Amino acid sequence: MPQYRYIAVSEDGAKTTKGVLEAVDEAGVMALLRKQNLRPLSVSPEKKSASSLNSLFGSNKIKSDDLVIFTRQLSAMVGAGVPLIRSLSSLEQHSESPALKAVLVDVIKEVEGGSTFGDALAKHPKNFNDVYVNMVRAGETAGILDEILKRLAIQQEKNASMRKKIKSAMTYPMILMFVTVVAFFGLMLFVIPQIGKIIKDLGGPNAELPPLTVAMLGISAFILQWWYIIIPLLIGGIYLLIRYIRTPKGKRKFHQILLRIPAINSIIRKVVVARFARTFSALSGAGVSILETMTVTAHALGNTVYEDSLLAAVDEVKNGRQLSQIMEEGGLYPSIVSQMLSVGEETGQTDTVLIKVAEFYEEEVDVAIAGISSIIEPVMIVLMGGAIGLIAASVMGPIAGLANQIKN
């Protein structure tokens, strides 16, 4: 059915409401508004915006920064006593994000139709994950939605900051690796064949070349002859590897391998522990049940090994065991986590205790990322220089030998 944007006031004229409704025609919209004890001021067809086109092409993902700003602003408005629908309508009108505007239009429509705010958000899982939805639902039930939204904004800021730092640390090594591969193929395809031809012309067909030069010329000739097969195979192999890693089985295997790599596994463990502590604390503080908190937190960890471990612990907790005891036996979490969780269970302040754990490990992640970044940079430069130096040595060796022959 077509959508219509409306502006209406309450019967006493004290409250103005704006929104979007689905109806057969404008008369249908007016009838719906009157049933809600609203007097329509204007009704007009909803125009198809760029955000609608974006949704068709799958680009309606809300940026993390926009989501944080939206959450903070909504928290402030709800905390100030502004009705939820009016707050959402105001944020939708003033938002500069087409994706956020498109999602808010749907959310407002659902809330106006009688859905809870949490249920309306749950219909947009790409933008609002289980943690966000469950915390909003808990906030609505307890009547502390503004406080819960503040917690959500802080949590999102921390998660976004951690992701940015990890991406920043990986960007430079990936660029160097790409440059090294391109330089290698460039030298092998265009430079080495020409230099090899010059060396053979100067030394003659029976000239003895160093083994390194012979090997490089052989590799170059092979790549030059079969490049139209090698390059597609290389690109196809990378594409298939990425596709495999995105499957449940491939992701689990990839995460298991990462946890065995020295230096990398330490950072992953600290990231997962920080994410576990902050997510568990947020959900626990919002009043979500322990079993629901464990399930939602498990899916938010970002590592299938830890996810499977926490989901398996749900059954043990159902049988009466303490989560702190289970985590102490697992060997995946540092002992400080189980100890602090045990203190939280005894005092009833699990959310407060785990916030301290999250802050500690977030600082540890910062230090670890800075340390590994300082190591990766010189290592990649040495590898890149070594590869190019090897090629240069294979070229300069026979040239120096020919020069000595000419002198003699």
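Across the interface, helix α7 (residues 130–142) lies against helix α11 (residues 264–285) with an axial gap of 9 Å and an inter-helix angle of 20°. By the criterion of interaxial angle, the relationship of α7 to α11 is roughly parallel. Between α7 and α11 lies a crossing of left-handed hand. Counting all contacts with α7, which are made through V131, N134 and M135, the residues of α11 involved are T279, A282 and L283. Its residues assigned to classes, the contact of α7 with α11 comprises 4 nonpolar, 2 polar and no charged.

We now examine the packing of aromatic side chains. For the structure on display, the rule yields 7 aromatic pairs. Geometrically, the ring pair formed by W226 and Y228 is tilted, given 6.3 Å between the ring centres and 45° between the ring planes. An angle of 85° between the planes, with centres 5.0 Å apart, marks the rings of F360 and Y361 as edge-to-face. Look at Y361 and you get buried, because its relative accessible area is 7%.

So, on to the side chain of S87. Within the secondary structure, S87 sits in helix α4 (residues 84–94). Once you skip the residues sitting within four places of it in the chain, S87 turns out to touch L74, M77, V78 and V82.

The next point concerns the environment of P398. With respect to the helices, strands and loops of the structure, P398 is situated in helix α16 (residues 350–407). On the accessibility criterion, P398 (5% relative accessible area) is buried. Discounting residues that sit within four places of it in the chain, P398 has contacts with I199, L209, P210 and T213.

Both faces of the sheet carry side chains from a regular strand, because those side chains alternate between them. Here 7 bridges tie strand β1 (residues 3–10) to strand β2 (residues 16–22), and the two strands are oriented antiparallel to one another. Paired with Q3 across the two strands is E22, which belongs to β2. Linking two consecutive strands that pair antiparallel, namely β1 and β2, is a turn of 5 residues; a positive phi of about 75° is found at G13 within it.

The next thing to look at is the nonpolar core. Counting residues in each nonpolar core, the largest one holds 41 residues, and the members touching the most others are F276, M294, L323, Y333 and V337. At 11 residues, the largest contribution of residues to this core is made by α16. Setting aside residues no more than four positions away along its own chain, V337 makes contact with V273, F276, M327, V357 and Y361. Counting 32 residues, the second largest nonpolar core, distinct from the first, contains L100, I108, L145 and V296.

Turning our eyes to something else, we now look at the pairing of β1. Relative to strand β3 (residues 38–45), β1 is paired through 7 bridges, and the arrangement is antiparallel. Looking at β3, one finds that Y6 is bridged to V43.

The subject of this paragraph is a positive patch on the surface. Together, K61, K126, R163 and K167 give the surface a local cluster of positive charge. The topology assignment puts K167 in helix α8 (residues 145–203).

For the rest of this paragraph, the subject is the pattern of salt bridges. Taken as a whole, this structure holds 11 salt bridges when the rule is applied. Ionic pairing is found between K164 and D65, a salt bridge with its closest N-O pair at 3.5 Å. In this pair, K164 is assigned in helix α8 and D65 in helix α3 (residues 64–79), connecting sequence segments 99 residues apart. Classification of K164 by relative accessible area gives partly exposed; the value is 48%. Ionic pairing is found between E329 and R321, a salt bridge with its closest N-O pair at 2.7 Å. By relative accessible area, which is 27% here, R321 ends up partly exposed. Among the charged side chains, a salt-bridge network with shared partners connects E316, R321 and E329.

Take a probe with the size of a water molecule and roll it over the atoms, and the empty space left behind shows itself. Considered as a void within the structure, the largest pocket measures approximately 1500 Å³ in volume. Forming the boundary of the largest pocket are 43 residues, of which R163, I166, R275, L301 and G302 lie nearest the centre. With 9 residues, the top contributor of residues to the lining of the largest pocket is α8. Tallied by class, residues from the lining of the largest pocket come to 25 nonpolar, 11 polar and 7 charged.

Right, let's talk about a nonpolar patch on the surface for a bit. Nonpolar side chains collect at one region of the surface, where F222, W226, W227, Y228, I229, I231, L233 and I235 lie side by side and expose about 810 Å² of accessible area between them. Mapped onto the secondary structure, I235 falls in helix α9 (residues 211–246). I235 sits in the exposed class, given a relative accessible area of 54%.

Here the protein chain averages 82 in pLDDT, and 92% of its residues register 70 or above. At the level of individual helices and strands, the protein chain shows its lowest average pLDDT in helix α2 (residues 50–56), which scores 43, and its highest in helix α10 (residues 248–258), which scores 91. In this model residues 48–58 is a low-confidence stretch, pLDDT under 50, and it forms 6 contacts with partners more than four residues away in sequence or in other chains.

This part covers the sheet that holds β3. Spatially, β2-β1-β3 is the arrangement adopted by the 3 strands of the open sheet, whose pairing is antiparallel. Because the sheet does not close on itself, it has two edges, and the strands there are β2 and β3. Averaged over all pairs of adjacent strands, the angle between their axes in this sheet comes to 25°, without regard to strand direction. Relative to β3, helix α1 (residues 26–35) is tilted by about 155°, and along the sheet it contacts β1, β2 and β3.

Before going further, it helps to spend a moment on α4. For α4, the complete set of buried residues consists of S87, L88, S89, L91 and E92. Elements that come into contact with the buried residues of α4 comprise β1, β2, α3, α5 (98–112) and α6 (117–122).

So, how was this worked out
- Residues numbered from 1 in each chain as written.
- Predicted model: local features only at pLDDT ≥ 70, side-chain atom pairs only at ≥ 80, totals over all residues.
- Heavy atoms only, no water.
- Axes fitted to C-alpha atoms, helices over the stretch in contact; angles between N-to-C directions.
- Helix = DSSP H or I, 4+ residues; strand = E, 2+ residues; numbered from the N terminus.
- Parallel < 35°, antiparallel > 145°, perpendicular 65-115°, else oblique.
- Left-handed = near helix turned anticlockwise from the far one by under 90°.
- Contact = heavy atoms within 4.5 Å.
- Nonpolar A, V, L, I, M, F, W, Y, C, P; charged D, E, K, R; others polar.
- Phe/Tyr/Trp six-rings, centres within 6.5 Å; stacked < 30°, edge-to-face > 60°.
- Buried < 20%, exposed > 50% of the residue type's maximum accessible area, 1.4 Å probe, protein only.
- Pairing = 2+ DSSP bridges.
- Core = buried A, V, L, I, M, F, W, Y, C linked by side-chain atoms within 4.5 Å.
- Patch = residues over 30% accessible without salt bridge, like charges linked within 9 Å, V, L, I, M, F, W, Y side chains within 5 Å.
- Areas by Shrake-Rupley, 256 points an atom, 1.4 Å probe, with all protein chains shown as cover.
- Salt bridge = Lys/Arg side-chain N within 4 Å of Asp/Glu carboxyl O.
- Lys, Arg positive; Asp, Glu negative; His and termini not counted.
- Charge placed at Lys NZ, Arg CZ, Asp CG, Glu CD.
- 1 Å grid on protein atoms, 1.4 Å probe; cavity = no way out; pocket = protein on both sides within 12 Å on 5 of 7 lines; lining within 4 Å.
- Points joined across faces, edges and corners; volume = space filled by probe spheres on them.
- pLDDT = per-residue confidence, 0-100.

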